[in-house]
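# Structural overview
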Amino acid sequence: MTETGASRRPLVVLDGVDKHFGALHVLKHVDLSVGEGEVVVVIGPSGSGKSTLCRTINRLETIDAGTITLDGRPLPSEGKEPGPAARRRRHGVPVVQPVRAQDRARQRDARADPGARHLEGRRRGARPRACSNGSASTSRRASTPRRLSGGQQQRVAIARALAMDPKVMLFDEPTSALDPEMINEVLDTMTSLARSGMTMVVVTHEMGFARRAADRVVFMADGEIVEQAEPETFFTAPRSDRAKDFLSKILSH
């Protein structure tokens, strides 16, 4: 861990996490600690396990081995720890996904966790203006998502997640389904959130955001964390050949 991360109180800790999809070993004994108030950006080639890592922290995916703790307490295993306390811990780490995946995710969560809709509805008004610079239109926007642009929908998704008063925010490729002109408004919202002190784990291909907003960049390949460092160090002097090859391809365009 970098000095920046090491100086913070550990909030999310993954210890020896393994995940398989059938014969495919997607996460291979992953160790990662995210400090309180830290912004960790996870990058790497497609299929490296980035999104699966993000989804295991939220328990949208179960794990085969290892442990994941939030603020010193184990996160509930899906289907094994019912009740309001388990739901509160799970919703303490909301995940913001690509806009086209959000409706499917909400439907899935409602089926798996009947209390989820009630929890979201009860808390929706807590911080509805967090991502609109105080605009009173956010709650109206949230009620008519089909009329919004992709960027507006994603900002509403962030506001809804904030209304849960989370301990950490997870972003799984939040701009991947957006048109180019909409990407910057979402990244600006995320940058403001990072500067406010929110603990964030962000899976993204947006290297500019990683340079600008991250406290630490985590590079994954083949289901493993290959290296991690502060942004300036990682982008100017990566240690591993795998990271050097990755950066030479994406930064040359």
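Each remark here, short or long, concerns the structure printed above.
Throughout what follows, the structure given in this document is the object of discussion. (Residues numbered from 1 in each chain as written. Predicted model: local features only at pLDDT ≥ 70, side-chain atom pairs only at ≥ 80, totals over all residues. Heavy atoms only, no water.)

### What about the sheet that holds strand β1 (residues 10-21)?
Convention followed: Any two strands between which DSSP finds at least two bridges are classified as paired. Numbered from the N terminus, helices here are DSSP runs of H or I no shorter than four residues, and strands are runs of E no shorter than two.
Reading across the sheet, the four strands line up as β2-β1-β4-β5 and stay open at both edges, with antiparallel pairing between neighbours. Taken across any chain shown, the strands that pair with only one partner, and hence form the sheet edges, are β2 (24-35) and β5 (73-74). One ladder, built from five bridges, connects β1 with strand β4 (residues 65-70); its direction is antiparallel. Following the sheet pairing, Val 12 is matched in β4 by Leu 70.

### Details of the packing of aromatic side chains
Basically, it comes down to this: By convention, a stacked pair of Phe, Tyr or Trp rings (six-membered ring in the case of Trp) has centres within 6.5 Å and planes under 30 degrees apart, an edge-to-face pair has planes over 60 apart, and any other such pair is tilted. Only protein chains enter the calculation, and the probe is 1.4 Å; a residue is then buried if its accessible area is under 20% of its type maximum, exposed if over 50%, and partly exposed in between.
Enumeration over the complete set of coordinates arrives at three aromatic pairs. Judged by centre distance (6.0 Å) and plane angle (35°), the rings of Phe 219 and Phe 234 are tilted. Of this pair, Phe 219 sits in strand β9 (residues 216-221) while Phe 234 is found in helix α10 (residues 231-236), placing the two residues 15 residues apart along the sequence. Judged by relative accessible area, Phe 219 falls into the buried class, the value being 0%.

### Focus: the pairing of β2
As defined by bridge partners, β1 adjoins β2 across eight bridges and the pair is classed as antiparallel. Looking at the pairing, Lys 19 lines up with Leu 27 of β2. Where β1 folds back onto β2 in an antiparallel hairpin, the turn is made up of two residues, including Gly 22, whose phi is positive at roughly 65°.

### Digging into the pairing of β9
For β9, a buried count of six out of six residues is recorded, marking the element as mostly surrounded by other parts of the structure. Burial along β9 is two-sided: the residues Arg 216, Val 218 and Met 220 and Val 217, Phe 219 and Ala 221 are all buried. By the bridge criterion, four bridges tie strand β3 (residues 39-43) to β9 in an arrangement that is parallel. Bridged to Val 41 within β9 is Val 217. Remark: two residues form the turn of the hairpin made by β9 and strand β10 (residues 224-229), two consecutive strands paired antiparallel; Asp 222 in that turn has positive phi of roughly 55°.

### Some remarks on the environment of Glu 36
What counts, and what does not: The contact criterion used is simple: two residues touch if any of their non-hydrogen atoms lie within 4.5 Å.
One can find Glu 36 in the loop between β2 and β3. Each C-alpha atom, one on Glu 36 and one on Thr 199, is 5.7 Å from the other, the two residues being 163 residues apart in sequence. Dropping the residues within four chain positions of it, Glu 36 is found in contact with Arg 8, Arg 9, Leu 11 and Thr 199.

### Thoughts on helix α8 (residues 180-195)
Note the threshold: Here the expected length of a helix is defined as 1.5 Å per residue gap, with one fewer gap than residues.
Taking 1.5 Å per residue, 16 residues should reach 22 Å; α8 reaches 23 Å between its end C-alpha atoms and fits that length. Against the buried residues of α8 lie β3, α7 (150-163), β7 (169-172), β8 (200-203) and α9 (207-213). Looking one or two residues past α8, Gly 197 carries a phi angle of roughly 100°, positive in sign.

### Some words on the nonpolar core
Across soluble globular proteins, nonpolar side chains have a tendency to be buried as a group. We count it as follows: Buried Ala, Val, Leu, Ile, Met, Phe, Trp, Tyr and Cys residues that are joined via side-chain atoms within 4.5 Å together make up what is termed a nonpolar core.
Grouped together as the largest cluster of nonpolar side chains are 35 residues, with contacts concentrated most on Ile 158, Met 169, Phe 171, Met 190, Met 200 and Phe 234. Of the residues forming this core, the biggest block, seven residues, is contributed by α8. Ignoring any residue separated from it by four or fewer positions in sequence, one finds Met 169 in contact with Pro 94, Val 96, Ile 158, Ala 161, Leu 162, Leu 193, Met 198, Thr 199, Met 200 and Val 201.

### Overview of the environment of Gly 72
Here Gly 72 lies in the loop between β4 and β5. Gly 72 gets classed as exposed once you look at its relative accessible area, which sits at 63%. When the C-alpha atoms of Gly 72 and Val 13 are compared, they prove to be 8.1 Å apart, with 59 residues separating the residues in sequence.

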